[in-house]
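Coordinate analysis (summary)
Below are the chains, spelled out letter by letter.
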Amino acid sequence: MIIYKISIVKELLDNGFQLDPEAFELIKNIDNKEILEIIITKIIKNKENELIKNISKKDIINLLPSSNKNKNKKNIIEINSMLEVIKDPGNNFISSEGLEGFKELFVSRYNKFMKLLSTRPDFYSIENINSLSKSSNKKIRKTAGLVMEKQIQNDKMIISIDDDTGMLDVLVLDKNIVKKANNVLLDSFIIIELIFSKDGTAILKSINLPDIPEHKPILCKEPVYAIFTSDLHIGSKNFLYNEFISFINWLNDKNSESEIKNKIKYFVIAGDAVDGIGVYPGQEDELIDTNVNDQYSKLADLLKLIPNTIEILIIPGNHDPVRQALPQPPIPKKYASKLYNMNNVTMLGNPVYVRLHGVNILIYHGRSLDDVISSIPGFSYNRSALAMKLLLKSRHLSPIYGARSSVLPSINDELIISDVPDIFHSGHVHMLDSDNYRGTLILNSGSWQSQTSFQDKMGIVPDTGIMPIVNLSTLDIITKNFKI
Ligand code: D5M
Ligand code: FE
Ligand code: ZN
């Protein structure tokens, strides 16, 4: 193959062609003789009458035979970027019906968490709720289940937990444990230690979430960058078009910061790319485009200005025209055909697990952050990374059932964070925040929509026009500000 490639390059040079170094790199990386032959034949034919026969990387990418473009996409991806979709639960999701479905979801949640814990050394000491004898021999017992209720009485608390054998009310007296229990979300899975008092009352001694282990992320060796964004809200009067164009101009300006720009391989949009229609009462008054297809068409036109060597990943949020209950399927082709026709765009569900250049990434729009922030004392919109951290510790993306963020009933709870991500990316709150927890980079990406009247009423001042760019070899974040 190497000899073949040398002969091809020689043939081009003999025919008076000049090869850009990037084009040369690309040819070096294409390992399919058939594709190479097609490209070279086309280049020679197309440029035979040109005075300066220069070949750029773009020439080669554009000259891939169109019938083979999708088939060959994998080749291009392997050269420029390495995108692997690990798990996309919104695709082909089977839901259950009504109250039965809700019960099945909780049974599945409990069973999946027990399986997740089964490799941990102290798993064997977890007892079922119905087998806990109420003897008051001060022996510490251990059990696990889902938090059904938290009642606060003065400075005490009663937690009701449920497993598939029964329900137990546990009294929390210790102030430090009450504090810890305050940070536990309803319907999430907990592991507790307790003792029974003389009168048979269960008293809480410790409370723990499933949590993620401390881990060293497997990063890529060379610096490769990924841009993480969300909440463009195209179609809204408040979409910051000029700021977004300023970002596009920066990306295409070869004279500055090219050492970073040349290595940007991914552009991730974590939902709310468009404002949608009929999302809240009176939205029409705040829209420029009242047709969702037009909104996606504008999005595609903007994304076409991004170099096509960058892989673009798009998931839906609560403004996109797909079902609101999680997991959400990818935005359908009937609304966004232009995006589907772009070779460097991949449409995915919400949430989704991907691997970019070997780095494990969980992308989730973040609707449940509203519920987490409003239910935990001290949490706020401007520190959304703390709410995301609690989701990681709870190992669940949307534990609270029946709140603002809805979950589809199912026999398989797909919102459990079963794989530990190296990067956990969300949006939705329109405020930029980040943290690092046990080796995982937590990132909330801000927005491209100026403050709406609704956010004004809520006291939300959004962070706008900022692109967080992550070095996938270090997990360091560079924030580029395009605010005008
Ligand atoms: O959400 C934009 C912002 O508004 C985000 O910070 C959450 C907040 N938000 C959205 N809906 C609600 C409700 N119903 N109550 C409180 N706060 C909310 P977006 O998804 O872009 O509309
Ligand atoms: Fe949004
Ligand atoms: Zn949103």
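Let me begin by describing the structure that accompanies this report. Residue numbering note: each chain is counted from 1, following its sequence as written. Following the order in which they are written, the chains are lettered starting with A and the ligands numbered starting with 1. In keeping with the model being predicted, local features are shown solely for residues with a pLDDT of at least 70 and side-chain atom pairs are shown and tallied solely at 80 or more, while totals for entire chains, interfaces and linings include all residues. Computation of side-chain values: all heavy atoms of the structure, hydrogens and water removed.

1. Quick look at the sheet that holds strand β10 (residues 225-229)
Paired strands, in this sense, are two strands between which DSSP finds at least two bridges. In this text, helices come from DSSP runs of H or I with a minimum length of four residues, and strands from runs of E with a minimum of two, each type numbered from the N-terminal end. The 6 strands are arranged β13-β12-β11-β10-β19-β20 in an open sheet whose pairing can be described as mixed. Of all strands in the sheet, those with a lone pairing partner are β13 (345-347) and β20 (477-481), marking the two edges. Shown here is a sheet whose adjacent strand axes are inclined to one another by a mean of 20°, direction ignored. Bridge count between strand β12 (residues 311-315) and β13: 3 bridges; the pairing is parallel. When the sheet's bridge partners are listed, L313 is paired in β13 with T346. In this description, contact between two residues means that some pair of their heavy atoms is separated by no more than 4.5 Å. In this analysis an axis means a line fitted to C-alpha atoms, helices contributing only their contacting stretch, and an angle means the value between N-to-C directions, from 0 to 180 degrees. Helix α8 (residues 241-252) contacts β10, β11 (264-270), β19 (466-471) and β20 of the sheet and is inclined by roughly 165° relative to β11.

2. Regarding the pairing of strand β5 (residues 141-153)
In this structure, strand β4 (residues 126-127) lies alongside β5, joined through 2 bridges in parallel fashion. Residue I126 lies in a different strand from β5, and its bridge partner there is K142. Relative to strand β8 (residues 189-196), β5 runs antiparallel, the two being bridged by 6 bridges. Paired with L146 across the two strands is F189, which belongs to β8. Hairpin connection, β5 to strand β6 (residues 156-163): the antiparallel pair is bridged by 2 residues, and N154 has positive phi, about 55°.

3. A look at helix α7 (residues 175-182)
Along α7, the residues that are buried comprise I177, V178 and A181. Buried residues of α7, viewed axially, fall in a sector of 105°; they line one side. Of the exposed residues in α7, those oriented more than 90 degrees away from the buried face are K175, N176 and K179. Buried-residue contacts for α7 involve β5, β6, β7 (166-172) and β9 (202-208). Polar contacts, as used here, are pairs of N or O atoms within 3.5 Å; protein pairs need one atom able to donate a hydrogen and one able to accept it. Residues neighboring in sequence count only if both atoms are side-chain atoms. Structurally, the start of α7 carries an N-cap: the backbone nitrogen of N176 is 2.8 Å from a side-chain oxygen of D174. Relative accessibility thresholds used throughout: buried, under 20% of the residue-type maximum; exposed, over 50%; partly exposed, between the two (1.4 Å probe, protein chains only). The arc in question is formed by the directions pointing from the helix axis toward the C-beta atoms.

4. Some details on the coordination of the iron ion (ligand 2)
The donor definition counts N, O and S atoms within 2.8 Å of each metal and applies 3.2 Å to Na, K and Ca; water is not among these atoms, so some sites may look incomplete. Taken together, D231 (OD), H233 (NE2), D272 (OD) and H430 (NE2) make up the full set of protein donors to the iron ion (ligand 2), lying 1.9 to 2.3 Å away. Metal-to-metal, the separation of the iron ion (ligand 2) and the zinc ion (ligand 3) is 3.2 Å; D272 coordinates the two. With a gap of 199 residues between them, D231 in the loop between β10 and α8 and H430 in the loop between β16 (423-426) and β17 (432-437) connect regions that are remote in the sequence. Like D231, the residue H430 is buried in the burial classification.

Take it as geometry only, folks, not as evidence of what the structure does.
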